[in-house]
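Examining the three-dimensional arrangement
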Amino acid sequence: MNPAARLRQLIVFLVMTAVFMVVSRIFFDLLAGRPMFWTSEEGVELLLWHSLVGGPFILFALLVAAQRAGSGNTPQ
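The sections below set out a description of the structure shown in this document. (Residues numbered from 1 in each chain as written. Predicted model: local features only at pLDDT ≥ 70, side-chain atom pairs only at ≥ 80, totals over all residues. Heavy atoms only, no water.)

**Looking at the overall build of the chain**
What counts, and what does not: Labels follow the DSSP assignment, with helices taken as runs of H or I lasting at least four residues and strands as runs of E lasting at least two, numbered in each case from the N terminus. With the radius of gyration taken over C-alpha atoms, the globule rule is written as 2.2 Å times the number of residues to the power 0.38. Here, two residues are considered to be in contact whenever any of their heavy atoms come within 4.5 Å of each other. When charges are counted, Lys and Arg are positive and Asp and Glu negative, with His and the chain ends excluded. Where a charge lies is defined by one atom per residue type: Lys uses NZ, Arg uses CZ, Asp uses CG and Glu uses CD.
Helices and strands together make up the secondary structure of the chain, namely two helices and zero strands. Radius of gyration (C-alpha) of the chain: 16 Å, far over the 11 Å computed for a compact globule of 76 residues. Seen through its C-alpha atoms, the chain measures out along the principal axes to roughly 45 × 30 × 15 Å. Look at the contacts in the chain between residues 6 or more apart in sequence, and 49% of them connect residues 24 or more apart. Computing the positive centroid from 5 side-chain charges and the negative centroid from 4, the chain places the two 23 Å apart.

**Section: the pattern of salt bridges**
Note the cut-off: For salt bridges, the criterion is a side-chain nitrogen of Lys or Arg within 4 Å of an Asp or Glu carboxyl oxygen. The rule is simple: take the accessible area with a 1.4 Å probe, protein chains only, and divide by the maximum for that residue type; under 20% is buried, over 50% is exposed, in between is partly exposed.
Across all of its chains, the model carries two salt bridges by this definition. Linking arginine 25 and aspartate 29 is a salt bridge whose minimum nitrogen-to-oxygen distance equals 3.2 Å. Taken together, the positions of arginine 25 and aspartate 29, both in helix 1 (residues 3–32) and four residues apart, correspond to about one turn of that helix. For aspartate 29, a relative accessible area of 1% gives the class buried. With a closest N to O distance of 3.0 Å, arginine 34 and aspartate 29 form a salt bridge. The class for arginine 34 is partly exposed, based on a relative accessible area of 39%. Several salt bridges converge on common partners, so that one network encompasses Arg25, Asp29 and Arg34.

**Overview of helix 1**
Defined as follows: Helices are assigned an expected span. That span is 1.5 Å times one less than the residue count.
With 30 residues, helix 1 should reach 44 Å at 1.5 Å per residue; the first-to-last C-alpha distance of 43 Å fits that figure. Taken as a whole, helix 1 has its buried residues at Ala5, Phe13, Thr17, Met21, Arg25 and Asp29. One or two residues past the end of helix 1 sits glycine 33, with phi positive at roughly 75°.

**A look at the side chain of threonine 17**
Within the secondary structure, threonine 17 is located in helix 1. For threonine 17, a relative accessible area of 7% puts it in the buried group. Apart from the residues lying within four places of it in its own chain, the contact partners of threonine 17 are Gly55, Ile58, Leu59 and Leu62.

**Some points on a nonpolar patch on the surface**
In plain terms, the rule: The patches reported here contain residues having more than 30% relative accessible area and no salt bridge. Joining distances are 9 Å for like charges and 5 Å for nonpolar side chains (Val, Leu, Ile, Met, Phe, Trp, Tyr). Accessible surface area values rest on a Shrake-Rupley calculation with a 1.4 Å probe, where residue burial reflects the displayed protein chains alone.
On the surface, Leu7, Leu10, Ile11, Leu14, Val15, Val19, Val23, Phe27, Leu30 and Leu63 cluster together to form a nonpolar patch covering roughly 880 Å² of accessible area. Broken down by element, the nonpolar patch gets its largest block of residues, nine residues, from helix 1. What makes leucine 14 partly exposed here is its relative accessible area of 44%.

Take it as geometry only, folks, not as evidence of what the structure does.
Below you can see the structure in the form of structure tokens.
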């Protein structure tokens, strides 16, 4: 696979990771009955911090899943 296609795939996974982080935070705030994270500066900073800590794990899981799907390996 050429580098441009790999870069395009990485960008898609970065966007998917960001969407996953934001949507999960919205659902968490709804379930907890708290105000949405964007209503305070502290909430936005907390989301950014959690994204820096947890985002790479989500990104890694997406990359591993894509690699397994692309190579035809199935978990057993």
